[in-house]
Amino acid sequence: MTAYTAGFESTGKTPAHPAYGITRSGVRAREGRTVAVDPTEIPLGTWLYVEDLGIFRAEDTGGRIKGHCLDVYMEDLPQAIAFGVQYLEVYVLTELQA
């Protein structure tokens, strides 16, 4: 698991871009809720419990997110960089499916 922001370094978009901060599922990315997934492995909209972090929703995708990797959304770039690469248990919460 890694972390990303809405910024250019993660998404290639600047605040002037009309889709800045908007996820693949069409909602605004939100810290503490949004994770990017490989939708061939985890469908968008899936609720997940991430060890030590809490409950998140698969709302975004990323070009480098392949297989069972996740990218957790963070507002702050230094915080996202400091997050680094972490190996955490992830559980699908089927009772929260929309």
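Structure's up top.
As the structure is a prediction and not an experimental result, all values here were calculated from the model.

Chemist: What is the right way to look at the overall build of the protein chain in this model?
Modeler: The number of helices and strands found in the protein chain is 2 helices and 6 strands. What you see in the protein chain, going N to C, is helices and strands ordered as β-α-β-β-β-β-α-β. A compact globule built from 98 residues should have a C-alpha radius of gyration of about 13 Å, and the protein chain, at 13 Å, falls within 12% of that. Sorting the 98 residues of the protein chain into buried and exposed places 36% on the buried side. In the protein chain, 64% of the contacts between residues at least 6 apart in sequence involve partners at least 24 apart. Here the protein chain displays about 5,800 Å² of accessible surface, and carbon together with sulfur accounts for 55% of that area.

Chemist: Would you mind going over a nonpolar patch on the surface with me for this structure?
Modeler: Together, Tyr49, Ile55 and Tyr91 line one region of the surface with nonpolar side chains, adding up to about 290 Å² of accessible area. Relative to the elements of secondary structure, tyrosine 49 occurs in strand S3 (residues 47–50).

Chemist: What is the right way to look at the sheet that holds strand S4 (residues 54–60) in this model?
Modeler: Taken in spatial order, the 6 strands line up as S1-S5-S2-S4-S3-S6 in an open sheet, and their pairing is mixed. Of all strands in the sheet, those with a lone pairing partner are strand S1 (2–4) and strand S6 (90–92), marking the two edges. Strand-to-strand twist across the sheet, computed as the mean angle between neighbouring axes with direction ignored, equals 40°. Across 4 bridges, the pairing between S3 and S4 is antiparallel. Bridging from a neighbouring strand, leucine 48 pairs with phenylalanine 56 of S4.

Chemist: When you look at the nonpolar core in this model, what are you seeing that I'm missing?
Modeler: Soluble globular proteins tend to bury their nonpolar side chains together. With 14 residues, the main nonpolar core has Val37, Leu70 and Val72 as its most contacted residues. Broken down by secondary-structure element, the contributors of at least two residues to this core are S3, S4 and helix H2 (77–83).

Chemist: Any chance you could explain unusual backbone geometry here in plain terms?
Modeler: In this model, aspartate 52 sits at a positive phi of 70°, which is unusual for a non-glycine residue. Its place among the elements puts aspartate 52 in the loop between S3 and S4.

Chemist: Quick question: what am I supposed to make of the environment of leucine 48 here?
Modeler: Summarising the element assignment, leucine 48 is placed in strand S3. For leucine 48, a relative accessible area of 0% puts it in the buried group. In this structure, leucine 48 is in contact with Val35, Val37, Ile42, Gly54, Ile55, Phe56, Leu70, Val90, Tyr91, Val92 and Leu93, ignoring residues within four places of it in sequence.

Chemist: Help me understand the pairing of S4, please; the structure alone is not making it clear to me.
Modeler: Within a regular strand, the side chains alternate between the two sheet faces. Within S4, 5 of the 7 residues are buried, which leaves it mostly tucked inside the rest of the structure. Pairing analysis gives 3 bridges linking strand S2 (residues 34–36) to S4, with the strands arranged parallel. What sits directly across from threonine 34, in S4, is arginine 57. Where S3 hands over to S4, the hairpin turn is made up of 3 residues, of which aspartate 52 adopts a positive phi near 70°.

The rules behind the values
The written sequence of each chain sets the order in which its residues are numbered from 1. Given that the model is predicted, a residue must reach a pLDDT of at least 70 before its local features are reported, and side-chain atom pairs must reach 80 or more before they are shown or counted; all residues, however, enter totals for whole chains, interfaces and linings. To get the side-chain values, all heavy atoms of the structure are used, and hydrogens and water are removed first. Every helix listed is a DSSP run of H or I at least four residues long, and every strand listed is a run of E at least two residues long, numbered separately from the N terminus. The quantity called the radius of gyration is restricted to C-alpha atoms. Its globule counterpart is 2.2 Å times the number of residues to the power 0.38. Three labels apply to residues, based on accessible area from a 1.4 Å probe with only protein chains included: buried if under 20% of the type maximum, exposed if over 50%, partly exposed otherwise in between. Here, residues are in contact when the closest pair of their heavy atoms is within 4.5 Å. We get accessible surface area from the Shrake-Rupley algorithm with a probe of 1.4 Å; when it comes to residues, only the shown protein chains can shield them. Only residues whose relative accessible area exceeds 30% and that form no salt bridge enter a patch; like-charged residues are grouped when within 9 Å of one another, and nonpolar side chains (Val, Leu, Ile, Met, Phe, Trp, Tyr) when within 5 Å. Salt bridge, as applied in this entry: a Lys or Arg side-chain nitrogen positioned within 4 Å of an Asp or Glu carboxyl oxygen. When DSSP finds two or more bridges between a pair of strands, those strands are recorded as paired. Here, axes are lines fitted to C-alpha atoms. For helices the fit covers the stretch in contact, and angles between N-to-C directions go from 0 to 180 degrees. Each nonpolar core is a collection of buried residues, namely Ala, Val, Leu, Ile, Met, Phe, Trp, Tyr and Cys, held together in the definition by side-chain atoms within 4.5 Å.

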